[in-house]
Amino acid sequence: MYDSPYQFSPLLPQSQLDALLERASDIIRASVALNSTAHHSARCGVRELVRSINSYYSNRIEGQGTHPSNIESALKHDFSKKPDVARLQRIALAHIEAERELEQIVEKGRSAMRSDFFIDAHKALYSRLSEADRTTKDGHIVQPGMLRTEMVKVGNHIPPAPESIPRFLASMDEEYDNQKGQERQLISIACLHHRAAWVHPFFDGNGRATRLQSHCALWPLSGGLWSTSRGLARARQEYYTKLNNADAHRQGDYDGRGNLTNAGLVEWVEFFFKICQDQVTFMNHMLDLDGMKKRIHALITLKSTTNKDIRSEAILPLYHLFSGGPLTRGEFTQLTGLEERTGRKILSELLKTGLIVSDSPRGPVSFGLPLDDLYILLPELYPEAHTKNVD
């Protein structure tokens, strides 16, 4: 039985540190480059989309995903008449709202690396759900932010005894919240993801809370523009395998000096870094200005074949919204080069499709990312959004 924090040492890799620091540096450079692409307003639109993506994929990892169009409807508080679908919509919406709340907390300067943040992440998610929506299949009611009070078994792993959980969490705080330098902090984020899951402090909801904490710990670096949950869901079996491998006990004298395997922990960090690198590289490619210009051209050309009110003259002002930021409605019309009435008709049609968005009936317009057009604008980012909703 695990009841003392020394039993989950090492908390950080004891070998291959130089190689891990180098990989962390690569992820940091790519993230910095990503945060300078497109205009701030367009990046805000991408950030909102990524929140929905995080919700979709994190819940799918738990076997509770719902179609992206159902999530979009839930954001408009339009819920299905089918109870099971509506429940999944509410869970997805709770995840999005919790993520937004936690991001704001991080922006105010609070560390996402501490166990109290982990507990608050669990609370932020489950406190938004009714008792019925947080009741598991076996009848257990998930209590928001409450540490478990009984022994559990997760696969082959038996997490620490309930009375010792605070000691394990305190040990994590001491190790992970004191690392200096972005590269070492990134290694700590990866290790924290595993060790938090290993401690399994809640009876249920540990996976979702862990991914919320990782997302928020990465927030100062990612800016919310890339999603680890997307990568983890697409490698779900490997995700669980790497977590399980890092659960193992030390394998002889060449496997570190802790109670648990150092090699397994290094393997987990390498996997987590691969996910991060893949996601940030992919999003750099998606938000590349030249590439987006070509995709806007392709999308408008396609739409113009079925809608006579959408014309190729919309390409330039749409690209400006992505790269240069919001425009007044008059400016958008002028950039089409068409006479005012025709330009306004194009503007009206694009507002209907969601390709441009506005906060008010007469306010400035910004670049939009409607689900129906993502397969062209951001291909492969959220392919499930272009599938048929059978719910």
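Residues numbered from 1 in each chain as written. Predicted model: local features only at pLDDT ≥ 70, side-chain atom pairs only at ≥ 80, totals over all residues. Heavy atoms only, no water.

Observations regarding the overall build of the protein chain
Turning to step 1, where the next piece is worked out: A tally of helices and strands in the protein chain yields 16 helices and two strands.
Turning to step 2, where the next piece is worked out: For the protein chain, the C-alpha radius of gyration of 23 Å lies close to 21 Å, the compact-globule estimate for 391 residues.
Turning to step 3, where the next piece is worked out: Here the C-alpha coordinates of the protein chain stretch approximately 75 × 50 × 35 Å along the principal axes.
Turning to step 4, where the next piece is worked out: Per-residue burial for the protein chain yields a buried fraction of 54% across its 391 residues.
Turning to step 5, where the next piece is worked out: Across the protein chain, contacts joining residues at least 24 apart in sequence account for 69% of those joining residues at least 6 apart. (Helix = DSSP H or I, 4+ residues; strand = E, 2+ residues; numbered from the N terminus. Rg over C-alpha atoms; globule rule 2.2 N^0.38 Å. Buried < 20%, exposed > 50% of the residue type's maximum accessible area, 1.4 Å probe, protein only. Contact = heavy atoms within 4.5 Å.)

Re helix H11 (residues 262-286)
Turning to step 1, where the next piece is worked out: Between its first and last C-alpha, H11 extends 36 Å over 25 residues, near the 36 Å set by a 1.5 Å rise per residue.
Turning to step 2, where the next piece is worked out: A side-chain oxygen of the first residue of H11 lies 3.2 Å from the backbone nitrogen of Ala263; this N-cap is Thr261. (Expected span 1.5 Å × (residues − 1). Polar contact = N/O pair within 3.5 Å; in protein donor to acceptor, adjacent residues only side chain to side chain.)

A look at the packing of aromatic side chains
Turning to step 1, where the next piece is worked out: Counted under the stated rule, the structure contains 13 aromatic pairs.
Turning to step 2, where the next piece is worked out: It is Lys293 that lies over the ring of Tyr319; its NZ or CZ is 5.3 Å from the centre. (Phe/Tyr/Trp six-rings, centres within 6.5 Å; stacked < 30°, edge-to-face > 60°. Lys NZ or Arg CZ within 6 Å of the ring centre and 35° of its normal.)

With respect to the packing of helix H7 (residues 182-199) against helix H8 (residues 206-222)
Turning to step 1, where the next piece is worked out: Packing of H7 against H8 leaves a shortest axis separation of 9 Å and a crossing angle of 175°. Between H7 and H8, the angle is such that the two are roughly antiparallel. In this structure, H7 contributes Gln182, Leu186, Ile189, Leu192, His193, Ala196 and Ala197 to the contact, and H8 contributes Thr210, Arg211, Gln213, Ser214, Ala217, Leu218 and Leu221.
Turning to step 2, where the next piece is worked out: Class assignment for the residues of the contact of H7 with H8 results in eight nonpolar, five polar and one charged. (Axes fitted to C-alpha atoms, helices over the stretch in contact; angles between N-to-C directions. Parallel < 35°, antiparallel > 145°, perpendicular 65-115°, else oblique. Nonpolar A, V, L, I, M, F, W, Y, C, P; charged D, E, K, R; others polar.)

Thoughts on helix H6 (residues 165-176)
Turning to step 1, where the next piece is worked out: An ideal rise of 1.5 Å per residue puts 16 Å on twelve residues; H6 measures up with 16 Å between its terminal C-alpha atoms.
Turning to step 2, where the next piece is worked out: Buried positions along H6 lie against helix H5 (115-126) and H7.

Notes on the layout of surface pockets
Over the atoms a probe the size of a water molecule is rolled, and this reveals where empty space is left.
Turning to step 1, where the next piece is worked out: There is about 1,100 Å³ of room inside the largest pocket.
Turning to step 2, where the next piece is worked out: What lines the largest pocket is a set of 41 residues, and nearest its centre among them are Glu62, Val154, His200, Gly207 and Tyr240.
Turning to step 3, where the next piece is worked out: Of all elements in the fold, only helix H4 (83-107), H7, H8 and helix H10 (236-247) reach the threshold of two or more residues within the lining of the largest pocket.
Turning to step 4, where the next piece is worked out: Of the residues contributing to the lining of the largest pocket, the split by class is 14 nonpolar, 16 polar and eleven charged.
Turning to step 5, where the next piece is worked out: Roughly 700 Å³ of internal volume is contained in the second largest pocket.
Turning to step 6, where the next piece is worked out: What lines the second largest pocket is a set of 27 residues, and nearest its centre among them are Glu48, Leu49, Glu72, Leu369 and Pro370.
Turning to step 7, where the next piece is worked out: Breaking the lining of the second largest pocket down by element, the ones donating at least two residues are helix H2 (40-61), helix H3 (68-75), H4 and strand S2 (366-367).
Turning to step 8, where the next piece is worked out: Looking at which element gives the most residues to the lining of the second largest pocket, the answer is H2, with seven residues. (1 Å grid on protein atoms, 1.4 Å probe; cavity = no way out; pocket = protein on both sides within 12 Å on 5 of 7 lines; lining within 4 Å. Points joined across faces, edges and corners; volume = space filled by probe spheres on them.)

Let's talk about the side chain of Asp173
Turning to step 1, where the next piece is worked out: Relative to the helices and strands, Asp173 resides in helix H6.
Turning to step 2, where the next piece is worked out: If we skip the residues at most four places from it in the chain, Asp173 touches Met113, Arg114, Ser115 and Asn178.

Brief notes about the environment of Leu125
Turning to step 1, where the next piece is worked out: Take Leu125: it is sitting in helix H5.
Turning to step 2, where the next piece is worked out: Setting aside residues no more than four positions away along its own chain, Leu125 makes contact with Ile91, Ala94, His95, Ala98, Arg208 and Leu212.

Observations concerning the pattern of salt bridges
Turning to step 1, where the next piece is worked out: The final tally for this structure, using the stated rule, is 22 salt bridges.
Turning to step 2, where the next piece is worked out: Across the salt bridge formed by Lys303 and Asp373, the nearest N and O atoms sit 3.3 Å from each other. Here Lys303 is found in helix H12 (residues 289-304), whereas its partner Asp373 is found in the loop between S2 and helix H16 (374-377), with 70 residues between them in sequence. Residues Lys303 and Asp373 agree in their burial class; the two are buried.
Turning to step 3, where the next piece is worked out: By sharing partners, the salt bridges in this structure join Glu48, Arg51, Arg100 and Glu103 into a single network. (Salt bridge = Lys/Arg side-chain N within 4 Å of Asp/Glu carboxyl O.)

Considering the nonpolar core
Turning to step 1, where the next piece is worked out: In this structure, Phe273, Leu350, Leu378 and Tyr382 are the most contacted members of the largest nonpolar core, which totals 114 residues.
Turning to step 2, where the next piece is worked out: Per-element accounting of this core gives the leading share, twelve residues, to H11. (Core = buried A, V, L, I, M, F, W, Y, C linked by side-chain atoms within 4.5 Å.)

A short note on unusual backbone geometry
Turning to step 1, where the next piece is worked out: The omega angle of the peptide bond from Ser9 to Pro10 is 5°, so this bond is cis rather than trans.
Turning to step 2, where the next piece is worked out: For Pro10, the location among the structural elements is in the segment before helix H1 (17-34).
Turning to step 3, where the next piece is worked out: One non-glycine residue, His77, lies in the positive phi region at around 60°.
Turning to step 4, where the next piece is worked out: Relative to the elements of secondary structure, His77 occurs in the loop between H3 and H4.

A word on the packing of H7 against H11
Turning to step 1, where the next piece is worked out: Remark: H7 packs on H11, axes separated minimally by 9 Å, with the N-to-C direction vectors making an angle of 115°. By the angle between their directions, the pair H7 and H11 is classed as roughly perpendicular. In this structure, H7 crosses over H11, and the sense of that crossing is right-handed. Judged by residue contacts, Leu186, Ile187, Ile189, Ala190, Cys191, His193, His194 and Arg195 of H7 engage Leu265, Trp268, Val269, Phe272 and Phe273 from H11. (Left-handed = near helix turned anticlockwise from the far one by under 90°.)

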